[in-house]
Amino acid sequence: MALLEIENLTFTYNAAHTNALENISFSVGRGEFVCVCGPTGSGKTTLIRLLKREISPAGSYSGRILFDGQDIRQIDERTAAAKIGYVCQKPEQQIVCDKVWHELAFGLENLGLPNEAIRRRVSEMACYFGMEDMFDKRTDELSGGQKQLLNLASVMIMQPDVLLLDEPTAQLDPIAAAEFISTVHRLKTELSLTVIMIEHRLEDALPLSDKVLALENGRLKLFGPARAAAAELAVSPAFRDALPSALRLWGRFDIKSEPPFTVGEGRAFIESSFSNRVRALTREAYSHSDAPALEFKNVYFRYDRNGADALKNLSFTVYEGEIFCILGGNGSGKSTCLSAASALVKPYAGQIRVFGKKLKDYKNQTLYRNCLSLLPQDAQTLFLHNTLREELDGVDTQDLPFDLTPYYSQHPYDLSGGQQQLAALAKVLDTKPRLLLLDEPTKGLDARAKHEFVRIIKALRSHGVSVVCVTHDVELACLMADRCAMFFRGEAVSCAPAAGFFADSSFYTTAISRMTRGYYEGVSTLDEAERICRLNVK
Amino acid sequence: MQGLAFYNPIAAAVYFICAAGVAMFTMNPLLLALSCAGALSFDIALRGLRGRQGRLPLFILFAVMALINPLTHHNGATVLFVMNDNPVTLEAFIYGLNASAMIIGVLFWFRSFSRIMTSDRLLYLFGRLSPKAALILSMALRYVPLFGRQAKRINSAQKALGLYKDDNAIDALRGGLHVFSALVTWALENGITTADSMSARGYGVSRRTSYAPFRFGRADACLTLLCVLLAGAVCAGLASGALAFRYYPRIVSAPLSPLACVSYAAYACLAALPTILEIGESLKWRCLKSKT
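Residues numbered from 1 in each chain as written. Chains lettered and ligands numbered in written order. Predicted model: local features only at pLDDT ≥ 70, side-chain atom pairs only at ≥ 80, totals over all residues. Heavy atoms only, no water.

As a further point, take the overall build of chain B. Counting its secondary structure elements, chain B contains 9 helices and 4 strands. In terms of overall dimensions, chain B is more spread out than a globule: its C-alpha atoms have a radius of gyration of 26 Å, far above the 19 Å expected for 292 residues. Its C-alpha atoms put chain B at 75 × 60 × 45 Å along the principal axes. Contacts in chain B between residues at least 24 apart in sequence constitute 72% of all its contacts with a sequence separation of at least 6. In the structure as shown, chain B presents an accessible area of about 15200 Å², 71% of it carried by carbon and sulfur atoms. Measuring between centres, the 27 positive side-chain charges of chain B sit 11 Å from its 12 negative side-chain charges. (Helix = DSSP H or I, 4+ residues; strand = E, 2+ residues; numbered from the N terminus. Rg over C-alpha atoms; globule rule 2.2 N^0.38 Å. Contact = heavy atoms within 4.5 Å. Areas by Shrake-Rupley, 256 points an atom, 1.4 Å probe, with all protein chains shown as cover. Lys, Arg positive; Asp, Glu negative; His and termini not counted. Charge placed at Lys NZ, Arg CZ, Asp CG, Glu CD.)

A tally of regular secondary structure across chain A gives 19 helices and 20 strands. Compactness check: chain A gives a C-alpha radius of gyration of 25 Å against a globular reference of 24 Å for 538 residues, within 12% of the reference. Principal-axis analysis of the C-alpha atoms places the extent of chain A at approximately 70 × 60 × 50 Å. Buried residues in chain A amount to 57% of all 538 residues. By sequence separation, contacts in chain A at least 24 residues apart represent 68% of the contacts at least 6 residues apart. Surface accessibility of chain A: about 21800 Å² in total, with carbon and sulfur atoms responsible for 47%. Of note, chain A has its 61 positive side-chain charges centred 4 Å away from the centre of its 67 negative side-chain charges. (Buried < 20%, exposed > 50% of the residue type's maximum accessible area, 1.4 Å probe, protein only.)

The pairing of strand β9 (residues 211–216) of chain A with strand β10 (residues 219–225) of chain A spans 6 bridges and is classified as antiparallel. Paired with A:Val212 across the two strands is A:Gly224, which belongs to β10(A). (Pairing = 2+ DSSP bridges.)

Applying the stated criterion across every chain yields a total of 27 aromatic pairs over all chains. Each ring, one from A:Phe106 and one from B:Tyr203, has its centre 6.3 Å from the other, and the planes form 15°; the classification is stacked. Here B:Tyr203 lies in the loop between α7 (169–200) and α8 (218–240) and A:Phe106 lies in helix α4 (residues 100–110), a pairing that spans two chains. Aromatic pair B:Phe59 and B:Phe108: ring centres 6.0 Å apart, planes at 45°, arrangement tilted. (Phe/Tyr/Trp six-rings, centres within 6.5 Å; stacked < 30°, edge-to-face > 60°.)

Residues and elements named next belong to chain A. Tallying each qualifying case throughout the model produces 36 salt bridges over all chains. One salt bridge in this structure joins Glu216 and Lys221, with 4.0 Å as the shortest N-O distance. Judged by relative accessible area, which is 36%, Lys221 ranks as partly exposed. Between Glu391 and Lys427 there is a salt bridge, with its nearest N and O atoms 2.7 Å apart. Residue Glu391 is found in helix α13 (residues 388–391), and its partner Lys427 is found in helix α14 (residues 417–429); the two are separated by 36 residues along the sequence. Judged by its relative accessible area of 3%, Glu391 is buried. Several salt bridges converge on common partners, so that one network encompasses Arg252, Asp527, Glu530 and Arg534. (Salt bridge = Lys/Arg side-chain N within 4 Å of Asp/Glu carboxyl O.)

Quick look at the sheet that holds strand β8 (residues 194–198) of chain A now. What holds strands together in a sheet is hydrogen bonding between their backbones, with the strands either parallel or antiparallel. Residues and elements named next belong to chain A. Pairing in this open sheet of 6 strands is mixed, and the strands run β6-β7-β8-β3-β9-β10 from one edge to the other. At either margin of the open sheet sits one strand with a lone partner, and together these are β6 (84–87) and β10. If you compare each strand with its neighbour and ignore which way they point, the axes differ by 15° on average. Packed onto the sheet, helix α6 (residues 144–156) meets β6 and β7 (162–166) and runs at close to 165° relative to β6. The sheet strands contacting helix α9 (residues 226–233) are β3 (33–37), β9 and β10, and the helix crosses β10 at an angle near 135°. (Axes fitted to C-alpha atoms, helices over the stretch in contact; angles between N-to-C directions.)

This is the structure we're talking about:
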């Protein structure tokens, strides 16, 4: 019997004229992993929150939601709270308590369990998740990935049958995201947990899913086994950008074969369908201008006197009119480098020049006028007002390569991630910067918003703006960068034009590059892969 | 974990209440001296001789308070000298010395208290009283630093955006207000996520319990009982008047009775107890290490 059954579900938000969800029916069996995808505003979050009674959105719905054969509105409170678990995309804000052990115990305390029972389950869960080392730590000492694992663990401790995940990896770096998804998969296989996960980064999630549920404008577009569903999504313009690279490449050709999900399957697909007579594409050599926009020369910085160096002998140069991407793991000094460039922190040795002038020669905040501007990681730190109109009041929006006027009456926090990022960008561009610093600009954005963002940044470059972008996202860097640098422990260990950079690295590179390595040479983007494959049709 | 920190927070709290409580309500110089000696030696045992940070200000405070009393109070029969037409008396001097010894002793007890009673221990104590209060305390301990960090983040984001037009104080104040209002909005908006996360995990479903990773074992019971007995002996001495001590107009002490001796001995034990536990623990470790 199905564990969750949704029958003809239609939902309307209070004071809304259109249905947010319309006539949705599907059922999920015990131990199934369902991946929910769809463009922003297609009703994914609404659907998943309707399945969790405590946080159901305000509105009216018709149809039925059955959990274990019982209408979800009639389940008693304890079962509803414990048996259906929910984790959302914000790692920080979901945590309630100050210590890790207390956060783990929080749900069980709510259920009124005695001390001994809580002690046992808390220890069990900490063991299972490998959290012994951080058990006594403060929750704010954890990294984003650890926080999200803690959120997962403190839901799992209530022994749920169904786990609902709303873009749980959106705010994580790729390595933490992959770890989170594989942990979820382990829970699914070892505990036969039912998982329903909204995800926009399908590269990791799709290969592990049993079923895919696609929503479009509040309607069920398709629901079925992952392979079959993926084959259909690969040719749909609204969905294909979010799919794994192998699948997107497959979708661009009309070849009858099993749709590939992973890098390995993608490689097999390429080798079986295309020859490698033409091994490389011709490409123009990259040349930059000679005028430096940002120079770091032997810069050292540490946050406190006894700490380790966050920046260590850091030297690199960004030239005018180029997009420069900085890649690197957590704590490699990427963000610190942007703070130093924008004079928010002061290095203890070395020199930073912006457009040839030393940072300390920019007096009276002139650095921040017509010169340099920083888009911080958290766009919400930029908003000071209650509507977007007030927020952008006085901001010259004429020349922007995007339009925000349809959202002017909304609160900035109510915009989607992509819209928030664009609103933040509009504010940042108001100072007419010639050098734009971006800190993880596409964190939490869906594939479409990401591509839109890349288009906008490239448009800005053609207007003469130099861009420095710090990111974890290799695919983004590959789409956007003219030159790339890799940071490791506060140093720039390599710095090269993008094409060569991705061809040379073996791990810090795109899925396409890993897929084609050794078969073709220097292919790192999807478009390049498509072009070379077309040249090699058997 | 060692010494007093090894015991259940309830036992530790009972100890501090007994030791500091007696010191707070007596002006008997011997008891105050014992309190100061005990508190100071425990502080040294906890933080080491080198951990002087914060100790020096307390000594200066002691000296200042001890001197202020004879300069402002002129009671007492034994005039030492006359300053600005005001007599400075021996009794006022001794009284000032004792009063500041009381305050410094209690401050040192609190210094050790804050070292031993970490947030989870306090939380455990509150949880015994009310699980809700414990949760509120835990959330406050989490959110206060969180807001501080977010304020810093907003400030630097706004700074790089050119919120501050000039390098002057008025501009800084204006910017600060903006940052504060942005912080309030952020806190309210994100509070919704926290509230969702709480109700998703069954907050309010039934009567909350309060979990804490501490057990109350036999050693804890022994320590608690010992503290209560020792404090009881001191209180008996105080109540019977055997420890009475008068400063004005002349210093008069009650004659040394057997009960007074017992009381003094009991308080000496009580004050020295945590230091003994602490030193005993480190000696035990040294023995264990040398055997292996």
